[in-house]
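Okay, here's what each chain looks like letter by letter:
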Amino acid sequence: MPMVSNKAIFSALLFSIFATPVMALNIFTCQPDWAALVKVHAPQANIFSATTAYQDPHFIQARPSLIAQMRKADLVICSGAEQEIGWLPELQRQSRNSKVRTGSEGLFYVTDYVAMLDKRDNVDRVLGDVHAQGNPHVQFAISDMLAVSKALTLRLTSQDKKNASQYQKNGVKFQQQWQQSMLEWQQKAAPLKGKKVVGYHGTYRYLFAWLGIEQVADLEPKPGVSPTTAHLNSLANFNAQQVYAIVYSTHQSDKAANWLAKRTALPVVALAQSVGGTDQALDIFSLIDSSIDALLAVQP
């Protein structure tokens, strides 16, 4: 057995003491969908979500705990299209983190890589909570998730070049799995094409568009305005022959949906708005899969 010199042992000890450790990226996400997406691309990263599936991502307080998380972030990933306009700028300002300021490589908006629906030339607050850049609920933009993945892979690579090959490998793997899932979802969801539903906000606009479902009415009188009795009464002429179901999110109150269901005999479907919103929506894949299953479970 060869002898190891004292000099070699001393050198190894010095290396172990002074070697620079491999640091994982600190990634701040604005909702659990993007935390889940990052996890499959960068599983070694320290990932934080500012919200849960049971919160409305439009209305979040810029709490000290969120400021502290943003202060140490290397990368911030949010939906964009002004969904976080009420709180993200304040977090940026108070955190004083130059790496994630607007226009920097450290701020990634998912909507920059999505074919946006419902864009508006003019926005007036009298119209309710609408967005000029389009509907920001892009966690359900199924066909655009491949482009999002490719862009996210490039951004992770630029932020952490030492692990570039791993990000690229993970990105390719996700994209292949997503393409396969899209084929399976299309086949499974074929019976939903052409169905009409009453919704609650525009949360599932992209999902419905991809599935061929039409949202013919909304429990909200205006986007972001809580349902009123007068408005619900105006919807009470719907029946099971005209409309497939009433759909709302598990982060919303079920009172309006159940009120209308009693007067129309329409079934009610509760979907997760984000990863974690139901026991079945555990990741970005099962968020879509469980939503389709819940819609298919409606009895004619």
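Residues numbered from 1 in each chain as written. Predicted model: local features only at pLDDT ≥ 70, side-chain atom pairs only at ≥ 80, totals over all residues. Heavy atoms only, no water.

K.L.:
How should the overall build of the protein be read in this particular structure?
P.N.:
Summing up its helical and strand segments, the protein has 10 helices and 8 strands in all. Here the protein, with 300 residues, has 48% of them falling under the buried criterion. Within the protein, counting contacts between residues at least 6 apart in sequence, those at least 24 apart form 65% of the total. Of the roughly 15500 Å² of accessible surface on the protein, a fraction of 54% belongs to carbon and sulfur atoms. (Helix = DSSP H or I, 4+ residues; strand = E, 2+ residues; numbered from the N terminus. Buried < 20%, exposed > 50% of the residue type's maximum accessible area, 1.4 Å probe, protein only. Contact = heavy atoms within 4.5 Å. Areas by Shrake-Rupley, 256 points an atom, 1.4 Å probe, with all protein chains shown as cover.)

K.L.:
Quick question: what am I supposed to make of helix α9 (residues 255–264) here?
P.N.:
Think of an α-helix as 3.6 residues a turn; residues three or four steps apart then line up on the same face. Among the residues making up α9, those that are buried are Ala-256, Ala-257, Leu-260, Ala-261 and Thr-264. The buried residues of α9 occupy an angular sector of 130° when projected down its axis, which confines them to one face. When the buried face of α9 is taken as reference, the exposed residues oriented beyond 90 degrees from it are Lys-255 and Lys-262. The elements touched by buried residues of α9 are β5 (196–199), α8 (229–235), β7 (245–249) and β8 (268–271). (Arc of directions from axis to C-beta.)

K.L.:
Sorry if this is basic, but what is going on with the side chain of Asn-97 here?
P.N.:
Structurally, Asn-97 is set in the loop between α4 (88–95) and β4 (107–109). Asn-97 gets classed as buried once you look at its relative accessible area, which sits at 9%. At 2.9 Å, the side chain of Asn-97 and the backbone oxygen of Met-70 are in polar contact. Here the side chain of Asn-97 touches Lys-99 through a polar contact of 3.0 Å, landing on its backbone nitrogen. (Polar contact = N/O pair within 3.5 Å; in protein donor to acceptor, adjacent residues only side chain to side chain.)

All we've got here are geometric facts, nothing functional implied.
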